[in-house]
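Geometric and topological summary
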Amino acid sequence: MTLQTMQKMIEDTQQCKEITKVNEDWYYVPTPEGRICYKVMVTPDGREYCTCEEFGKNPSLKCPHIYAVINAIRTGDFIDIDNLPMNKLGEITSIINEAMNG
Ligand SMILES: [Zn+2]
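Owing to the predicted nature of the structure, the values given are computational and were not obtained by experimental measurement.

Moving on to the overall build of the chain. A count of helices and strands for the chain gives four helices and five strands. Secondary structure elements of the chain, listed N to C terminal, follow the sequence α-β-β-β-β-α-α-β-α. The buried share of the chain, reckoned over its 102 residues, is 23%. Of the contacts made within the chain by residues no fewer than 6 positions apart, 44% connect residues no fewer than 24 positions apart.

Pasting the structure below:
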């Protein structure tokens, strides 16, 4: 299974309603409809990444999801994945992280 396939799977399966912090640099960002979720990276040293199509086409511009994460970091308005009641997100995240590190 490719990383892209897994990202698509995540986008298809997650019912994401709020910005969710996955780890130090990674966040899940819901679309306004809450149907899918993009994975966004924002690091303290200014690196940024998003799995959405818009960012894929033009990585030099910040997409709305990156802006949402930057704003959430500033205001503290996100939930930590450790506080989620179910472990499903964590399982998917570990699969993704393994794929990215491998
Ligand atoms: Zn995006």
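Here we take up the nonpolar core. Ranked by size, the top nonpolar core spans 17 residues in total, and within it Ile19, Tyr27, Val29, Val40 and Val69 carry the most contacts. Elements supplying a minimum of two residues to this core: strand E2 (26–30), strand E3 (37–42) and helix H3 (64–75). Those residues in contact with valine 69, other than ones at most four positions away along the chain, are Ile19, Tyr27, Val29, Val40 and Val42.

The rules behind these values
Residues numbered from 1 in each chain as written. Predicted model: local features only at pLDDT ≥ 70, side-chain atom pairs only at ≥ 80, totals over all residues. Helix = DSSP H or I, 4+ residues; strand = E, 2+ residues; numbered from the N terminus. Buried ≥ 20, exposed ≤ 12 C-beta atoms within 10 Å, placed from the backbone. Contact = placed C-beta atoms within 7 Å. Core = buried A, V, L, I, M, F, W, Y, C linked by C-beta atoms within 7 Å.

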